[in-house]
Amino acid sequence: MATHARARLLDTAEQLFYAEGIRAVGVERILAESGVGRASFYRHFAGKDELVVAVLTRRDQQWREWLAGRVDALGGRPLAVFDALAERFARADFRGCAFINTMVETADPDSPAHQVAAGHKQQVVAYVAALLAAAGRPEPESAELARRIVLLMDGAIVTALREGTAAPAAEARAIAAALLADPCAETAGRG
């Protein structure tokens, strides 16, 4: 069935891209591991670039749903994003952030894959801003704080990958807690 072929292509490509990188994995490998034929591949995607965008678009939605679900389960407070990340970092298959990895691999900011990855980060900032607003931080303060918290999240992701430990999530959480507690820190860097 055609939809099963598309799903197998997306599942296989996502797994391989995340584990090995977008550039390292060719269409032939995806076809071989998914069991989908070349003609079927081209019925669903014009080429690898379109497949990459589809994988990232689906992963964006799934990852943001996962984050919101975990944050809710962990109490719904803004700092819970770091607790959720710590869980992710502890997984054996953790290979960093698929979106940061994509932006590194597709350095051209005009490429569709880079744009989807950058859009994901914008959506995460908006989500964190909404958490902050729900916790009583008014606009535009919540938007600026959200950008800084996502900066800490991204730094924790890269550090966790480099060090092979979940500890950077707790470190980033402590820095974010200090940032949220210190009203002077909220205006730092604006002058």
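Structure shown above.
Model, not experiment: these values are computed from the prediction.

J.: Please clarify how the packing of aromatic side chains should be interpreted in this entry.
T.: For any pair of aromatic rings, the description rests on two quantities: the centre-to-centre distance and the angle between the ring planes. Tallied over the full model, the rule gives 4 aromatic pairs. Aromatic side chains F41 and Y42 sit 4.8 Å apart centroid to centroid with 90° between the ring planes, which places their arrangement in the edge-to-face category. With 5.8 Å between their ring centres and 45° between their planes, F41 and F45 make a pair best called tilted. Each member of the pair, F41 as well as F45, is classed as buried. An aromatic cluster is built from F41, Y42 and F45, whose rings are joined through pairwise contacts. The ring centre of Y18 lies 4.3 Å from the NZ or CZ of R59, which sits over that ring.

J.: I keep staring at the packing of helix α8 (residues 141-163) against helix α9 (residues 167-181) and nothing clicks. Help me out?
T.: The relative placement of two packed helices comes down to the angle between their axes together with the axis-to-axis distance. Put simply, α8 and α9 touch, their axes get as near as 8 Å, and they point 160° apart. Judged by the angle between their axes, α8 and α9 are roughly antiparallel. As α8 packs across α9, the resulting crossing turns out to be right-handed. Residues L145, R148, I149, L152, A156, T159, A160 and E163 of α8 pack against P168, A169, A172, I175, A176, L179 and L180 of α9. Class assignment of the residues belonging to the contact of α8 with α9 gives a composition of 12 nonpolar, 1 polar and 2 charged.

Rules used in this analysis
- Numbering of residues begins from 1 in every chain and follows the order in which that chain's sequence is written.
- Residue-level local features of this predicted model are given only where pLDDT is at least 70; pairs of side-chain atoms are given and counted only at 80 or more, and the full residue set underlies all totals for whole chains, interfaces and linings.
- Think of the side-chain values as coming from all heavy atoms in the structure, minus any hydrogens and water.
- For Phe, Tyr and Trp, where Trp contributes only its six-membered ring, two rings pair if their centres lie within 6.5 Å, and the inter-plane angle classes them as stacked under 30 degrees, edge-to-face over 60, or tilted in between.
- Note on exposure labels: buried denotes an accessible area under 20% of the residue type's maximum, exposed denotes more than 50%, and partly exposed covers the range between, all computed with a 1.4 Å probe on protein chains only.
- Should the NZ of a Lys or the CZ of an Arg lie within 6 Å of a ring centre and within 35 degrees of the ring normal, that charge is described as sitting over the ring.
- The axes are straight lines fitted to the C-alpha atoms, using for helices just the contacting stretch, and the angles between their N-to-C directions are given from 0 to 180°.
- For the purposes of this entry, the term helix denotes a DSSP run of H or I that reaches at least four residues, the term strand denotes a run of E that reaches at least two, and both are numbered from the N terminus.
- Roughly parallel here means an angle under 35 degrees, roughly antiparallel means over 145, roughly perpendicular means 65 to 115, and every remaining angle is called oblique.
- Here a crossing is taken to be left-handed if its near helix is turned anticlockwise relative to the far helix by less than a right angle, and right-handed if that turn runs clockwise.
- Residue contacts follow a heavy-atom distance rule, with two residues in contact if any of their heavy atoms lie within 4.5 Å.
- When residues are grouped by polarity, Ala, Val, Leu, Ile, Met, Phe, Trp, Tyr, Cys and Pro land in nonpolar, Asp, Glu, Lys and Arg in charged, and all others, Gly among them, in polar.

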